[in-house]
Amino acid sequence: MEGTSGAMPKEKAKTVNMVRAIDIARAVEMFAPLSAQAEWDNSGFSVGDPQAAVHKVLIALNCTLDVVEEAVELNCDMILTHHPLIFGGCRSVLYNNVCSSESLQGRSIATAIKNNITIYSSHTPLDKARGGLNDLMAKRLNLQNCKVLSPDGFGVVGTLKTVGTLKGNSGEKAGKGMNGEEFIKFVKKQFGLKYLRCSKPIGYSIATDGRIAAAAGKITKVAVSSGSGQGSAKDAIAAGAQVLVTADVSHHNFYQPEGFMILDIGHYESEWEAVALLESIVKKNFSKFAVSLSKRDKSPIYHF
Ligand SMILES: [Zn+2]
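Quick notes on the rules
- For every chain, the first residue of its written sequence is number 1, and the numbers climb from 1 along that sequence.
- The predicted nature of this model means local features are confined to residues of pLDDT at least 70 and side-chain atom pairs, given and counted, to a pLDDT of 80 or more, with totals for whole chains, interfaces and linings taken over all residues.
- Secondary structure counts use DSSP, requiring at least four H or I residues in a row for a helix and at least two E residues in a row for a strand, with both numbered from the N terminus.
- Here the expected span of a helix is defined as 1.5 Å times the quantity of residues minus one.
- The exposure scheme places C-beta atoms from the backbone and then counts, for each residue, the other C-beta atoms within 10 Å of its own, assigning buried at 20 or more, exposed at 12 or fewer, and partly exposed in between.
- The arc in question is the one traced by the directions running from the helix axis out to the C-beta atoms.
- The term nonpolar core refers to a group of buried residues, namely Ala, Val, Leu, Ile, Met, Phe, Trp, Tyr and Cys, whose C-beta atoms join them within 7 Å.
- Residue ranges assigned to each domain were obtained from an automatic or database domain assignment.
- Distance between backbone-placed C-beta atoms decides contact: two residues are in contact if it is within 7 Å.
- Pairing between strands is defined by DSSP: at least two bridges between the two strands are required.
- To obtain an axis, a line is fitted to C-alpha atoms, over the contacting stretch when the element is a helix, and the angle between two such axes runs from 0 to 180 degrees between their N-to-C directions.

On to helix α10 (residues 274–285), then. Its 12 residues give α10 an end-to-end C-alpha distance of 17 Å, which sits within 8% of 16 Å, the value for a rise of 1.5 Å per residue. Those residues of α10 not exposed but buried are A274, L277, L278, I281, V282 and N285. The arc that holds the buried residues of α10, viewed along the axis, is 130 degrees, so those residues lie on one side.

In structure tokens form, the structure reads like this:
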């Protein structure tokens, strides 16, 4: 699960006096090639001047207005994010007190331009890269013998190293893997979650009187897909996994065949390690370059 990130040769890193935005982007692309991006993605430079000299970079998961304003306050001239600022089409750049998500995007673009900030994002390339976000999810769950999950390069599937101990309510012995309940607890612990959403846990059967019975562990193979990965469920089943851990699962995708379950741990929660990953790439290649990590970039979803 080691990343294949090739740091720039040491002599070269030492002789770089002036760092340009494109130098930072190239370091990221050595780890996560831009050519790997999905056709619907918009990774790469979105705003500013790739040739501009930069002195300080702000790293965040999302490129929100909050993050752009934070960059201005911190005197950063570059923002490096996982999610692109311009995504799914941009038809206008309006920023005069218009209440819409488009105006937030417009104000973000305008604020960045007015303050000479260049923005680069590595979205699907960072998901797919070896040592990237899917690999980090797999690592967090201690998966072994990992392989790429889907033909388009998204997701990872591997075997569960951590073994469950819960015995079935009917008295059967604990299996080699975990049952649904154990696995849910394990995922919550590994990702530091208070809650998650999931389809019917494996091993659960609900009797007509409402009692729930838990069977012994059956989960031994697990698939993960960072961000919105519900479309990979069929690949997970084909790969022999009993579980897919992902985010943004819609109502209909919680209906899964018997013996397979899907977990929605939250989009932000599945990808927040992108910030530390991008930081490590920049620091590895530009040891003396100033890097700030966003403090304002939080999950936009509130639970009550
Ligand atoms: Zn994402």
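A word on the nonpolar core. Grouped together as the largest cluster of nonpolar side chains are 71 residues, with contacts concentrated most on I24, I79, V222, A223 and V243. Per-element accounting of this core gives the leading share, 6 residues, to helix α2 (residues 21–31). Here this core spans two domains, since at least three of its residues come from each of domain 1 (10–126 + 271–293) and domain 2 (141–265). For V222, the contacting residues outside a window of four places in its chain are L141, L143, G158, L160, A241, V243 and V245.

Quick look at the sheet that holds strand β6 (residues 118–121) now. Strand pairing within a sheet occurs via backbone hydrogen bonds; the two strands may be parallel or antiparallel. If you walk across this open sheet you meet the 5 strands as β2-β6-β5-β4-β15, and the pairing is mixed. If you trace the sheet from one side to the other, it starts and ends with β2 (44–47) and β15 (290–293), each paired once. Looking at each pair of strands side by side, their axes are set apart by 25 degrees on average, direction ignored. Pairing between strand β5 (residues 78–81) and β6: 4 bridges, direction parallel. Note on β6: the bridge partner recorded for M78 is T118.

Moving on, we get to the sheet that holds strand β12 (residues 221–228). Strands sit in the order β7-β8-β12-β13-β14-β9 across an open sheet of 6 strands; the sheet is mixed. This sheet does not close on itself; its edge strands, each paired only once, are β7 (143–148) and β9 (197–198). Here β9 pairs with strand β14 (residues 261–264) via 2 bridges, running antiparallel. Looking across to β14, one finds that R197 is bridged to D264.

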